[in-house]
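Understanding the architecture of this molecule
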Amino acid sequence: METVSRAQVRALALAAAGLVLAAAPAAAQSPPSDARCVQCHRQLADTNLSRPARLFPTDIHAKFGFGCLDCHGGETGKDSAAGFIAKPNRKDIPALCGRCHSDAQFMKQYDPSLRVDQVEEYKTSVHGKRLFEFGDTNVAVCISCHPAHEIRPPSDPESTVYALNVPATCGHCHADPKRMAPYHIPTDQLAQYKTSVHWEWMSKQGDLSAPACNDCHGNHGAAPPGVASVKNVCGQCHSTMMTLFTGSGHADYFVQRDLPGCETCHSNHAIHAPSDSFLVEMADSVCAMCHQPGDSARVAFLAIRHLIDSLRVARDSATAILDRAQQAGMEVSQAQFELADAKDALLKARSAIHSFSVDTVAAQLKSGFAITTHAEQRGAAAMHEHLFRREGLAVAVLLILGVIAGIWLLIREIEHRQKHSSRSS
Amino acid sequence: MSDTSAPVTRKRFVRWLLGTSVGGLVAAVLYPVTRYIIPPKVGESAASSVTLPFPPTEIAKNTGRIFKFGNKPGIILRTPNGDLRAFTAVCTHLGCTVQYRSDLSEIWCACHNGTYDLNGRNISGPPPKPLTPFDVRVRGTQIVVSRKA
């Protein structure tokens with residue numbers, strides 16, 4: 001194959017440039033403008049150069065009237081080379097975006113509610129620290145999560161930062177073993193998160209307030225929460241449990257042992273819906289992970305489980321008898337209405353487990369037991385009344401059928417008599 | 001000649017009428033008995049409106065009360081400004097019954113500390129959605145709460 005020297009390549013490139021300039025003299029002489037950038041870039045064969053021009057009309061900046069020159073420089077009416085940035089250096093991107101996004105006065109013109117501390121927050125993130133302290137340009141910068149030329153607001157379902165899309169956006173890098181290899185961090189967080197109750201609520205029940213990556217790690221200031229602060233992170237939503245846990249003996253003990261608050265029992269990314277089976281005498285139960293047989297705490301958690309099971313069974317029994325009574329046509333709606341409070345007591349008791357105190361759990365269950373006992377009595381009374389009515393109905397039906405049979409027999413008797421008298425006459 | 005081809009006499013007609021009447025009478029007795037013994041499934045309450053068992057004067061400013069709407073609880077409250085508002089009282093998180101907190105002037109769920117503002121919007125804690133609002137009408141001494149159209 002024939003080889004080409006560098007000088008020949010340069011000569012060819014100059015010739016090609018000359019041809020382009022000759023073919024488009026107007027474009028070479030007139031000052032740059034957004035329209036002209038788009039006009040040429042859309043037609044370029046290199047998709048890296050044409051794609052931005054094609055995508056930009058969907059970008060929120062385009063909708064607010066911003067254009068290519070606002071980020072890439074090159075002032076209208078001046079030499080096209082003045083201040084032109086072809087492809088911004090990744091390390092410079094936070095500052096480039098921050099030029100507008102950190103300026104409260106400027107941002108107020110477009111979105112007064114938008115925060116202007118993203119760059120400052122970014123500097124505190126693991127991404128920002130690695131970028132600025134170690135010059136690591138492989139870390140996420142603004143455009144990694146808000147892709148340049150197609151930035152959409154978080155409220156847009158097609159946005160990469162729409163709540164439902166955030167896990168995939170973070171996972172784009174964090175679930176990629178090749179990309180994460182230099183950092184020696186796991187890449188199964190996204191897969192784990194997708195088995196969690198949070199993802200289930202978000203993706204299946206449409207609850208966009210359910211936490212995604214950014215709700216626990218922060219978005220611009222993304223970093224893993226410290227061991228001692230895990231309970232505070234979870235406590236943003238689960239405040240009852242956080243308060244009870246903080247007041248329990250476990251809180252200090254966990255800090256001393258460098259154990260993260262909620263995560264030790266509930267995991268971090270693969271948080272599954274808690275169940276009463278956490279409190280069982282099994283090697284794989286959550287409490288039994290630490291509490292060995294013979295441990296006094298083990299006795300306590302088994303007592304808590306027993307109490308909770310008792311109310312659950314009592315509630316199920318009362319529900320069943322009231323349902324039977326309702327099915328039988330008895331009026332028990334008030335009892336059913338009141339029984340709903342037993343469910344509240346059960347849920348409060350399950351929250352109270354985070355106090356790790358049998359008495360606290362028992363106190364929450366007390367009202368539940370009173371409700372179920374009352375409901376059971378009312379259900380039993382309704383069923384007793386139903387039985388009485390049934391017996392009464394049986395007697396009435398037998399009497400009516402007896403009367404019908406009697407009339408029928410009487411008619412037959414009359415007919416028989418008439419036939420007999422007509423024969424004898 | 002067979003019996004069926006015989007002409008219908010008045011006597012035969014009366015006998016037929018009597019026989020079918022007795023059959024009908026037996027069916028009329030047994031059908032409701034059967035439906036009573038094996039009743040149909042009871043569906044969800046379709047109540048669309050309820051008159052509360054207490055007058056508007058019993059709800060002071062910055063207080064709330066639970067009422068029965070079909071077979072689910074509802075909550076009616078009077079805001080500190082004096083407006084009457086009603087919502088479903090079923091927390092959108094795990095279905096506990098919410099209550100009015102006069103100290104916070106908010107609707108509160110005791111199970112997981114979820115809170116809603118006086119428009120029923122979920123504002124903190126785990127509730128994922130707002131409470132469903134009802135229409136409230138005061139007719140003399142009665143409060144009528146109904147589902148929104």
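Since the model is a prediction, treat every value here as computed from it, not as a measurement.

1. Considering the domain arrangement of chain B
- Parsing chain B into structural domains produces domain 1 (2–37) and domain 2 (49–147).
- The centre of domain 1 of chain B, based on its C-alpha atoms, is set 59 Å off from the matching centre of domain 2 of chain B.

2. Let's talk about the packing of helix H23 (residues 358–424) of chain A against helix H1 (residues 10–37) of chain B
- Close contact between H23(A) and H1(B) brings their axes to 11 Å; oriented N to C, the two are set at 170°. With respect to each other, H23(A) and H1(B) are oriented roughly antiparallel. In this structure, H23(A) uses His386(A), Arg389(A), Arg390(A), Leu393(A), Val397(A), Ile400(A), Leu401(A), Ile404(A), Trp408(A), Ile411(A) and Glu415(A) to contact H1(B), whose residues at the interface are Arg15(B), Leu18(B), Gly19(B), Val22(B), Leu25(B), Val26(B), Val29(B), Leu30(B), Val33(B), Tyr36(B) and Ile37(B).
- The class makeup of the residues in the contact of H23(A) with H1(B) is 16 nonpolar, two polar and four charged.

3. Describing the interface of chain A and chain B
- Opposite the 31 residues of chain A that make contact, chain B presents 36 residues.
- Between chain A and chain B, a total of about 2,800 Å² is buried, with carbon and sulfur atoms accounting for 65% of that surface.
- When residues of chain A are sorted by the area they lose upon contact with chain B, Gln327(A), Phe337(A) and Ile404(A) head the list and together hold 21% of the total.
- Counting across the interface, chain A meets chain B through zero salt bridges.
- At the junction of chain A with chain B, the criterion picks out seven residue pairs in polar contact (both at pLDDT 80 or more).
- By residue number, the principal contributor to the side of chain A that touches chain B is H23(A), which donates eleven residues.
- Across the side of chain A that touches chain B, the residue classes tally to 13 nonpolar, ten polar and eight charged.

4. Section: the packing of helix H21 (residues 296–327) of chain A against helix H22 (residues 333–352) of chain A
Residues and elements named next belong to chain A.
- Close contact between H21 and H22 brings their axes to 10 Å; oriented N to C, the two are set at 160°. In terms of their interaxial angle, H21 and H22 are classed as roughly antiparallel. Taken as a pair, H21 and H22 cross one another with a handedness that is left-handed. Within the contact between the two elements, H21 uses Ile308, Leu311, Arg312, Arg315, Ala318, Thr319, Leu322, Asp323 and Gln326 and H22 uses Ala335, Gln336, Leu339, Ala342, Lys343, Ala345, Leu346, Ala349 and Arg350.
- Of the residues in the contact of H21 with H22, the class split is ten nonpolar, three polar and five charged.

5. Re the state of the cysteines
All names here are of chain A.
- Applying the stated criterion across every chain yields a total of one disulfide over all chains.
- There is no disulfide at Cys68, and the cysteine sulfur nearest it, in Cys37, is 4.2 Å away.
- Its sulfur unpaired, Cys262 is 3.7 Å from the next cysteine sulfur, which belongs to Cys234.
- Looking at Cys262, the relative accessible area reads 22%, which means it is partly exposed.

6. Structural notes on the packing of aromatic side chains
- Per the counting criterion, the structure on display carries twelve aromatic pairs over all chains.
- Centre to centre, the rings of Tyr122(A) and Phe132(A) are 6.1 Å apart; their planes meet at 85°, and the pair counts as edge-to-face. Remark: Phe132(A) occurs in helix H10 (residues 126–134) and Tyr122(A) occurs in helix H9 (residues 118–124); sequence separation between them is ten residues.
- Since its relative accessible area comes to 34%, Phe132(A) is described here as partly exposed.
- Taken together, the ring pairs in this structure connect Phe64(A), Phe66(A), Phe106(A) and Tyr110(A) into an aromatic cluster.
- Its guanidinium or amino end placed over the ring of Phe54(B), Arg65(B) lies 3.9 Å from that ring's centre, counting from NZ or CZ.

7. Overview of the sheet that holds strand S6 (residues 106–109) of chain B
Residues and elements named next belong to chain B.
- With respect to topology, four strands assemble into an open sheet ordered S5-S6-S7-S8, the strand pairing being antiparallel. The sheet is open, and its two borders are formed by strand S5 (99–101) and strand S8 (122–124), each paired with just one other strand. Averaged over all pairs of adjacent strands, the angle between strand axes in this sheet comes to 40°, irrespective of strand direction.
- Where S6 meets strand S7 (residues 114–116), three bridges bridge the pair, whose relative direction is antiparallel. Counterpart to Cys109 in the pairing with S7 is Gly114.

8. Considering the pattern of salt bridges
All names here are of chain A.
- Across all of its chains, the model carries 21 salt bridges over all chains by this definition.
- When the shortest N-O distance is used, the salt bridge between Asp276 and Arg312 registers 3.8 Å. Placement of Asp276 in the loop between helix H20 (263–266) and H21 and of Arg312 in helix H21 is noted, with a sequence separation of 36 residues between them.
- Since its relative accessible area comes to 26%, Arg312 is described here as partly exposed.
- A salt bridge links Arg315 to Asp316; the shortest N-O distance between them is 3.8 Å.
- Within this structure, Asp276, Arg305, Asp309, Arg312 and Arg350 form a network of salt bridges that share partners.

Definitions and limits used
Residues numbered from 1 in each chain as written. Chains lettered and ligands numbered in written order. Predicted model: local features only at pLDDT ≥ 70, side-chain atom pairs only at ≥ 80, totals over all residues. Heavy atoms only, no water. Domains from an automatic or database assignment. Axes fitted to C-alpha atoms, helices over the stretch in contact; angles between N-to-C directions. Helix = DSSP H or I, 4+ residues; strand = E, 2+ residues; numbered from the N terminus. Parallel < 35°, antiparallel > 145°, perpendicular 65-115°, else oblique. Contact = heavy atoms within 4.5 Å. Nonpolar A, V, L, I, M, F, W, Y, C, P; charged D, E, K, R; others polar. Buried area = accessible area lost by both parts, 1.4 Å probe. Salt bridge = Lys/Arg side-chain N within 4 Å of Asp/Glu carboxyl O. Polar contact = N/O pair within 3.5 Å; in protein donor to acceptor, adjacent residues only side chain to side chain. Left-handed = near helix turned anticlockwise from the far one by under 90°. Disulfide = S-S within 2.5 Å. Buried < 20%, exposed > 50% of the residue type's maximum accessible area, 1.4 Å probe, protein only. Phe/Tyr/Trp six-rings, centres within 6.5 Å; stacked < 30°, edge-to-face > 60°. Lys NZ or Arg CZ within 6 Å of the ring centre and 35° of its normal. Pairing = 2+ DSSP bridges.

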